[in-house]
Amino acid sequence: MKVRFFSRPNCALCEEGLTILKLVQEDAGFEIEIINIEEDDEIHEKYMLMIPVVEKDGEIIQYGQLDYVTLYEAFMNKS
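Report follows, based on the coordinates. (Residues numbered from 1 in each chain as written. Predicted model: local features only at pLDDT ≥ 70, side-chain atom pairs only at ≥ 80, totals over all residues. Heavy atoms only, no water.)

**Quick look at the overall build of the chain**
Looking only at helices and strands, the chain features 3 helices and 4 strands. Order of helices (α) and strands (β) in the chain, N terminus to C terminus: β-α-β-α-β-β-α. Its C-alpha radius of gyration of 12 Å places the chain within 12% of the 12 Å reference for a compact globule of 79 residues. Taking the principal axes of the C-alpha coordinates as reference, the chain spans close to 30 × 25 × 15 Å. By the burial criterion, 39% of the 79 residues in the chain qualify as buried. For the chain, contacts bridging at least 24 residues in sequence account for 59% of all contacts bridging at least 6. When the accessible surface of the chain is split by element, carbon and sulfur atoms take 46% of a total near 4900 Å². Positive and negative charge centroids in the chain, built from 7 and 17 side chains respectively, lie 3 Å apart. (Helix = DSSP H or I, 4+ residues; strand = E, 2+ residues; numbered from the N terminus. Rg over C-alpha atoms; globule rule 2.2 N^0.38 Å. Buried < 20%, exposed > 50% of the residue type's maximum accessible area, 1.4 Å probe, protein only. Contact = heavy atoms within 4.5 Å. Areas by Shrake-Rupley, 256 points an atom, 1.4 Å probe, with all protein chains shown as cover. Lys, Arg positive; Asp, Glu negative; His and termini not counted. Charge placed at Lys NZ, Arg CZ, Asp CG, Glu CD.)

Shown next, in the form of C-alpha cells:
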C-alpha cells in the first residue's frame, strides 16, 4: 500500500505530521510518498491551506493536525 504525504519545506506542522505518519507506518505497514506541493502549481493550489495532507487511493485520510489514532484506524480498516 502506498500513502501520499503532501507537504512543503519549512512547515513545522508538516514535520510533526510526518513523524506521526511514520509511527503509524511502523504498525500498519505501508510506503510513504512525500510530495512537495511547491513543485506543482496544481497541487499547490489544491492543498496550500490544508497541509500536511495524507492521501490513500485518491482519498484524503486526514489533513492539518494529524493524529495517530485517526490515521491508524483509517489504514487498518482500509488495508
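Anyway, onward from the coordinates.
**Things to note about the pattern of salt bridges**
Summed over all chains, the structure comprises 4 salt bridges. Among the charged side chains, a network of salt bridges with common partners joins Arg4, Glu33 and Glu55. (Salt bridge = Lys/Arg side-chain N within 4 Å of Asp/Glu carboxyl O.)

**Concerning a nonpolar patch on the surface**
There is a patch of nonpolar side chains on the surface, built from Leu23, Tyr68 and Val69 and spanning about 250 Å² of accessible area. Note on placement: Val69 falls in helix H3 (residues 68-78). For Val69, a relative accessible area of 47% gives the class partly exposed. (Patch = residues over 30% accessible without salt bridge, like charges linked within 9 Å, V, L, I, M, F, W, Y side chains within 5 Å.)

**As for the packing of aromatic side chains**
Counted under the stated rule, the structure contains 3 aromatic pairs. For the pair Tyr68 and Tyr72, a centre-to-centre distance of 5.6 Å together with 10° between the ring planes defines the contact as stacked. Taken together, the positions of Tyr68 and Tyr72, both in helix H3 and 4 residues apart, correspond to about one turn of that helix. The class of Tyr72 is partly exposed, set by a relative accessible area of 28%. (Phe/Tyr/Trp six-rings, centres within 6.5 Å; stacked < 30°, edge-to-face > 60°.)

**Regarding the nonpolar core**
If you look at the biggest cluster of nonpolar residues, it comprises 15 residues, and the most contacted ones within it are Phe5, Leu21, Phe30, Val54, Leu71 and Phe75. Of all the secondary structure elements, the ones that give two or more residues to this core are strand E1 (2-7), helix H1 (12-28) and H3. Apart from residues no more than four positions distant in its own chain, Leu21 is found in contact with Val3, Phe5, Phe30, Ile32, Val54, Leu71 and Phe75. Cys11, Cys14, Ile51 and Val53 belong to the second largest nonpolar core, which has 9 residues in total. (Core = buried A, V, L, I, M, F, W, Y, C linked by side-chain atoms within 4.5 Å.)

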